[in-house]
Amino acid sequence: MENLIENTVEFVKKKLEGAEAGHDWFHIERVWKLSKKIAVTENCNVEVVELAALLHDIADPKFHNGDETIALHVSREFLEGQNVPENVIVQVIYIIKNISFKNRGEVPENIPIELKIVQDADRIDAIGAIGIARTFNFGGFKNNLMYDPHIEPKLNMSKEEYKKSNGTTINHFYEKLLLLKDLMNTEEGKQIAGERHDFMLNFLDQFYKEWNVD
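Thresholds, definitions, all that
- Residues numbered from 1 in each chain as written.
- Predicted model: local features only at pLDDT ≥ 70, side-chain atom pairs only at ≥ 80, totals over all residues.
- Heavy atoms only, no water.
- Helix = DSSP H or I, 4+ residues; strand = E, 2+ residues; numbered from the N terminus.
- Buried < 20%, exposed > 50% of the residue type's maximum accessible area, 1.4 Å probe, protein only.
- Areas by Shrake-Rupley, 256 points an atom, 1.4 Å probe, with all protein chains shown as cover.
- Contact = heavy atoms within 4.5 Å.
- Phe/Tyr/Trp six-rings, centres within 6.5 Å; stacked < 30°, edge-to-face > 60°.
- Lys NZ or Arg CZ within 6 Å of the ring centre and 35° of its normal.
- Polar contact = N/O pair within 3.5 Å; in protein donor to acceptor, adjacent residues only side chain to side chain.
- Core = buried A, V, L, I, M, F, W, Y, C linked by side-chain atoms within 4.5 Å.

Enquirer: Whenever I open this one, the overall build of the protein chain confuses me. Can you help?
Expert: Scanning the protein chain from N- to C-terminus turns up ten helices and zero strands. The secondary structure elements of the protein chain, listed N-terminal to C-terminal, are α-α-α-α-α-α-α-α-α-α. Across the 214 residues in the protein chain, those meeting the buried criterion constitute 48%. Looking at the protein chain as shown, the accessible area adds up to about 11500 Å², and 49% of this sits on carbon and sulfur atoms.

Here is the structure:
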């Protein structure tokens, strides 16, 4: 397993060279480490968890014209080239396919613990101080407004509406980030997310104080 994980790390690093900073190798590394931290507290297949964490954003659809199949094909081709057993490949592909926030309405209710772990880790990296930094980085990448008090957040968006949304960066907190704490699957994930959630609330309070200068 050690050589497989090392090979996967090198593959992902090379594949994500030059990626947007919120979805680059360092994002993958943080999710990988968080996944291992959560996995210790659960009865799971650690190999599946690590492989899925490392490959989950190998071809993020938002950087590939919304195509959700590229990551599945790239991951399968890589894993087959590493002679990974088919049953493991199937599990990893399943996680990559179902991990996304925008796909939450399409995911079966009884999901495997391995998906729960990697999904929690990925969502945890979207909140707290790191989450705030990633959100503003991506907003700048898309040239979105930072904030406009006249533009209301769009709550309960459909998958297609979410994919096409170009709202303000601050609105993204209400459309996604502040919802993640209550979507955690594992006890460890809930604990980590709670602290990061509170940090975001404090940040927003300070942001509005500085924005609304009397």
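Enquirer: Help me understand the environment of phenylalanine 136, please; the structure alone is not making it clear to me.
Expert: Of note, phenylalanine 136 is situated in helix 7 (residues 128-141). Residue classification places phenylalanine 136 among the partly exposed positions, given a relative accessible area of 23%. Contacts of phenylalanine 136, omitting those with residues within four sequence positions, involve Met146, Thr169, Ile170, Phe173 and Phe203.

Enquirer: What is the right way to read the environment of alanine 39 from this model?
Expert: Among the secondary structure elements, alanine 39 is positioned in helix 2 (residues 25-39). Here alanine 39 is in contact with Cys44, Val49 and Ile117, once residues within four sequence places are set aside.

Enquirer: Would you explain the packing of aromatic side chains in this entry?
Expert: The relation between two aromatic rings is expressed through the spacing of the ring centres and the mutual angle of the planes. Overall, the coordinates contain twelve aromatic pairs when judged by the stated rule. The interplanar angle of 20 degrees and the centroid separation of 6.0 Å between the aromatic rings of phenylalanine 138 and phenylalanine 141 together place this pair among those described as stacked. With phenylalanine 138 and phenylalanine 141 both in helix 7 and three residues apart, the pair spans about one turn of that helix. A relative accessible area of 19% places phenylalanine 138 in the buried class. With a centroid separation of 5.9 Å and an interplanar angle of 85 degrees, the aromatic rings of phenylalanine 207 and tyrosine 208 are classed as edge-to-face. Geometry around tryptophan 32 places lysine 36 over its ring, the cationic atom sitting 4.1 Å from the centre.

Enquirer: Which parts of the structure should I look at to understand the side chain of aspartate 125?
Expert: Looking at the secondary structure, you find aspartate 125 in the loop between helix 6 (113-124) and helix 7. Within polar-contact distance, the side chain of aspartate 125 engages the side chain of arginine 30 at 2.7 Å. When neighbours within four sequence positions are excluded, aspartate 125 is seen to be in contact with His27, Arg30, Val31, Leu34, Ile130, Gly131, Arg134 and Arg196.

Enquirer: How do you make sense of the nonpolar core when you look at a structure like this?
Expert: Buried together is how nonpolar side chains tend to be arranged in soluble globular proteins. Val12, Leu54, Leu79, Val92 and Phe173 are the most contacted members of the largest nonpolar core, which has 56 residues in total. Of all the secondary-structure elements, those providing two or more residues to this core are helix 1 (2-15), helix 2, helix 3 (46-55), helix 4 (70-81), helix 5 (86-98), helix 6, helix 9 (169-175) and helix 10 (187-211). The contact partners of leucine 54, leaving out residues within four places of it in the chain, are Ile5, Thr8, Val9, Val12, Trp25, Ile28 and Trp32.

Shape is all these values report; function is a separate question.
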